[in-house]
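Residue-level structural notes
The residues making up each chain are set out below.
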Amino acid sequence: MKLHRILALVNRHLMLYKRSPQRMMEIVYWPLLDLMVWGFITVYLARYKEGLPAFVTFFIGALILWDVLFRAQQGICISFLEEIWSRNLLNLFVSPLGTGEFLSATMLVSILKVIGASIMTIGLAYLFYSFNLFMIGLSLVPFVINLVVTGWAIGIFATAIILRYGQEAEVLAWGLAFLFQPVSAVFYPISVLPPSLQVIANGIPAAHVFEGMRAVIETKAFPLHELIWATGLNVIYLASAILFFNYMFRVVKMKGLLVRIGA
Amino acid sequence: MIHSVVEVRKLTKRFERVTAVNEISFEIYQGEILGMLGPNGAGKTTTIQMLLGITTPTSGQIRILGLDLDRNREEILAQVNFSSSYVSLPQSLTVWENLRVFAQIYHVRNYREKIDRLLSVFEIAPLRDTVTRKLSTGQLTRVSLAKALLNDPKILFLDEPTASLDPDIADKTRLLLKTIRAQSGLTILYTSHNMREMEEMSDRIIFLNKGEIISTGTPAEIVKRFEGEDLEEVFLKIARGT
Ligand SMILES: Nc1ncnc2c1ncn2[C@@H]1O[C@H](COP(=O)(O)OP(=O)(O)OP(=O)(O)O)[C@@H](O)[C@H]1O
Ligand SMILES: [Mg+2]
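For the structure given in this document, a descriptive report is provided here. (Residues numbered from 1 in each chain as written. Chains lettered and ligands numbered in written order. Predicted model: local features only at pLDDT ≥ 70, side-chain atom pairs only at ≥ 80, totals over all residues.)

1. What about the sheet that holds strand S10 (residues 212-217) of chain B?
Residues and elements named next belong to chain B. So the rule is basically this: Pairs of strands are assigned from DSSP output, requiring at least two bridges between the strands. Per the convention used, a helix needs a DSSP run of H or I reaching at least four residues, while a strand needs a run of E reaching at least two, with both numbered from the N terminus. Between the N-to-C directions of two axes lies an angle of 0 to 180 degrees, each axis being a line fitted to C-alpha atoms and, for a helix, fitted only over the stretch in contact.
Ordered by their spatial adjacency, six strands build an open sheet running S6-S7-S8-S3-S9-S10, and the pairing between neighbours is mixed. Two strands lie at the open edges of the sheet, namely strand S6 (80-84) and S10, each paired on one side alone. Within this sheet the neighbouring strands show an average axis-to-axis angle of 15°, counted without direction. Sheet topology note: the S6/strand S7 (residues 155-159) ladder contains five bridges and is parallel. Counted as the bridge partner of Phe82 is Phe157 from S7.

See the structure below:
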């Protein structure tokens with residue numbers, strides 16, 4: 001692994017943003033719309049349900065945190081798609097650049113995007129609803145990191161599939177994270193799920209993060225066991241996703257598809 | 001003393017239904033321009049992709065710069081480069097930014113001077129700050145060639161590099177590659193469907209057909225061997241099996 005190669009790729013993606021206002025939109029547009037719709041819904045509901053002061057906090061908080069996961073996942077996929085769209089993949093892989101360096105760079109790009117979008121969302125939430133995310137406390141930080149890692153794992157997995165099956169699988173870049181949303185206990189606790197789905201949810205790192213977040217808001221106690229679960233599962237998923245990507249990369253080289261993809 | 005920088009032995013690539021490359025063996029000598037010639041589907045691109053490690057051979061050995069490609073990918077790829085009409089560069093970046101990214105990937109020292117020199121060599125210095133999207137095909141080809149020379153490669157793999165160039169620019173490009181070769185001892189593996197270009201460029205030609213090498217030699221030797229007038233006639237003879 002060579003740092004200069006990783007930074008070269010990160011640099012390439014940052015320059016892309018500098019030069020392309022449409023891409024900046026991505027960081028502003030969706031968080032803004034999401035926040036408006038959900039924010040107003042929660043404000044509306046809160047009006048009728050007195051005695052549920054945490055309600056607004058739950059929804060907007062959940063929304064912001066889900067967006068972290070989604071951005072992290074998308075950051076990975078889009079960095080890769082950019083290389084396909086610009087027919088640049090071959091240029092990269094005929095250089096000494098390895099898959100580890102490539103993935104490290106995309107993960108870095110993804111986290112930068114998350115930071116950008118989060119600042120945006122948190123700021124807007126404060127402006128519109130006087131919702132202060134940091135009210136939940138600094139205990140949020142390790143949970144957010146876990147969401148980013150879950151996003152990476154899903155993103156790398158989706159990227160591996162797109163690498164293998166080409167642009168027809170591109171839809172995964174936009175949709176795969178949402179497949180996990182129902183069992184990630186984003187807006188409701190795991191306990192509302194039917195038993196079979198509860199089993200699945202317990203295997204999803206994001207579900208532990210959101211359970212943990214609710215525990216923080218409700219009891220103020222730090223839900224250490226949820227954090228341990230989330231972290232443990234994430235380590236397994238991220239490692240598996242990277243192994244899967246490397247495996248798919250080998251398959252693609254066997255099938256000679258690197259030349260064809262996006263060409 | 002002439003020595004080979006590429007050694008290929010019994011290289012084979014079988015895809016599900018086709019054998020794209022069938023037990024070919026050849027060498028490329030230091031400082032030569034080797035032209036790879038053959039009809040569509042002969043296996044030229046597949047061979048080049050295997051030499052670059054982006055397609056895995058079914059069997060056979062590849063040694064580049066004295067090293068086994070399988071085990072020394074990183075070291076070898078740092079010393080070679082590639083350009084082709086089927087690759088492009090990130091569209092939203094300027095010419096300079098794109099070259100800068102690749103200079104960084106290849107860890108080029110004094111990259112500013114290096115890039116500026118290549119830009120003027122390929123007569124694209126005025127396009128330095130132009131967004132890549134706005135380049136014409138020929139301009140893009142020259143940027144891509146500049147990219148391919150950034151790391152002072154010992155071997156350059158060029159798959160139909162002039163396919164989209166007008167005769168004037170194509171001619172200039174050929175001249176330039178020959179000049180660089182003369183100056184730096186660069187070795188080039190070259191493919192093209194332009195027979196005149198192949199005759200003009202290649203010190204030696206490998207004629208591929210259906211994944212097999214059917215003839216090797218200087219352009220003149222090959223023309224003589226197949227009793228043709230020129231390479232074009234030989235090509236037609238072989239392609240049509242007459
Ligand atoms: N990834 C692949 N999967 C299956 N078959 C392939 C693949 N790549 C190439 N082939 C087949 O292998 C053969 C050789 O293809 P290749 O692209 O190497 O030919 P070529 O000599 O470069 O042809 P052209 O002059 O058209 O560029 C062809 O029959 C082609 O259809
Ligand atoms: Mg070809």
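2. What to know about the sheet that holds strand S5 (residues 67-68) of chain B
All names here are of chain B. Test applied: This entry defines residue contacts through backbone-placed C-beta atoms, with two residues in contact when those atoms are within 7 Å.
In spatial order, the strands read S2-S1-S4-S5; together these four strands make up an open sheet with antiparallel pairing. The open sheet has two edge strands with one neighbour each: strand S2 (19-29) and S5. Inspection of the sheet shows strand S1 (residues 4-14) paired to S2 by seven bridges, in the antiparallel sense. Its bridge partner being in S2, Leu11 is matched across the sheet by Ile24. The strands that helix H1 (residues 44-51) touches are S1, S2 and strand S4 (59-64); relative to S1, the one it contacts most, it runs at about 120°.

3. Topic: helix H6 (residues 140-165) of chain A
Threshold: Helix span, expected: 1.5 Å multiplied by one less than the number of residues in the helix.
Given a rise of 1.5 Å per residue, 26 residues ought to cover 38 Å, and the 37 Å separating the end C-alpha atoms of H6(A) matches this to within 8%. Following H6(A) by one or two positions, Gly166(A) has its phi on the positive side, about 80°.

4. Some words on the site of ligand 1
Heads up, the rule is: Here is the check we use: build the C-beta atom from the backbone, and if it is within 6 Å of the molecule or strand, call the residue near. Any residue that is not Ala, Val, Leu, Ile, Met, Phe, Trp, Tyr, Cys, Pro, Asp, Glu, Lys or Arg is counted as polar, Gly included; the first ten are nonpolar and the last four charged.
Neighbouring ligand 1 are 15 residues, the closest being Gly256(A), Phe15(B), Ala20(B), Thr45(B) and Thr46(B). Nearby residues place ligand 1 at the junction of chains A and B. Top element by residues in the shell around ligand 1 is H1(B). It accounts for three residues. Taken together, the residues that form the shell around ligand 1 break down as five nonpolar, seven polar and three charged.

5. Some words on the packing of helix H3 (residues 95-105) of chain B against helix H4 (residues 111-121) of chain B
Residues and elements named next belong to chain B. To keep it simple, the criterion reads: An angle below 35 degrees is treated as roughly parallel, one above 145 as roughly antiparallel, one from 65 to 115 as roughly perpendicular, and anything else as oblique. It is the rotation of the near helix from the far one that decides the hand of a crossing: anticlockwise by less than a right angle makes it left-handed, clockwise makes it right-handed.
Put simply, H3 and H4 touch, their axes get as near as 10 Å, and they point 130° apart. By the criterion of interaxial angle, the relationship of H3 to H4 is oblique. Here H3 runs over H4; the crossing is right-handed. Counting all contacts with H3, which are made through Trp96, Leu99, Arg100 and Ala103, the residues of H4 involved are Tyr111, Lys114 and Ile115. Counted by class, the contact of H3 with H4 contains five nonpolar, no polar and two charged residues.

6. Overview of the interface of chain A and chain B
Contacts between the two partners involve 28 residues from chain A and, on the opposite side, 27 residues from chain B. Contributing elements (two or more residues each) for the side of chain A that touches chain B: helix H1 (3-19), helix H4 (89-93) and helix H10 (224-254) of chain A. Sort the elements by how many residues they give to the side of chain A that touches chain B and H1(A) lands first, with nine residues. Classifying every residue of the side of chain A that touches chain B by side-chain character gives 13 nonpolar, nine polar and six charged.

7. A few points about the nonpolar core
We apply this condition: What makes a nonpolar core is a set of buried Ala, Val, Leu, Ile, Met, Phe, Trp, Tyr and Cys residues, with links drawn between C-beta atoms within 7 Å. Counting other C-beta atoms within 10 Å of a residue's own tells you its class, since 20 or more makes it buried, 12 or fewer makes it exposed, and anything in between is partly exposed; those C-beta atoms are placed from the backbone.
Leu147(A), Ile156(A), Ile64(B), Ala146(B), Phe157(B) and Leu189(B) are the most contacted members of the largest nonpolar core, which has 140 residues in total. By residue number, the principal contributor to this core is helix H3 (residues 54-85) of chain A, which donates 15 residues. In this structure Phe157(B) touches Ile48(B), Leu51(B), Leu52(B), Val80(B), Phe82(B) and Leu189(B), once residues within four positions along its chain are discounted.

8. Observations concerning the pairing of strand S3 (residues 33-37) of chain B
All names here are of chain B. Most of S3 is tucked away: five of the five residues are buried. Sheet topology places S3 next to strand S9 (residues 204-209); four bridges connect them, and they run parallel. Paired with Gly35 across the two strands is Ile205, which belongs to S9.

9. Some details on helix H9 (residues 205-219) of chain A
For H9(A), with 15 residues, the first-to-last C-alpha span of 21 Å sits near the 21 Å given by 1.5 Å per residue. Listed in full, the buried residues belonging to H9(A) are Pro205(A), Ala206(A), Ala207(A), His208(A), Val209(A), Phe210(A), Glu211(A), Gly212(A), Met213(A) and Arg214(A).

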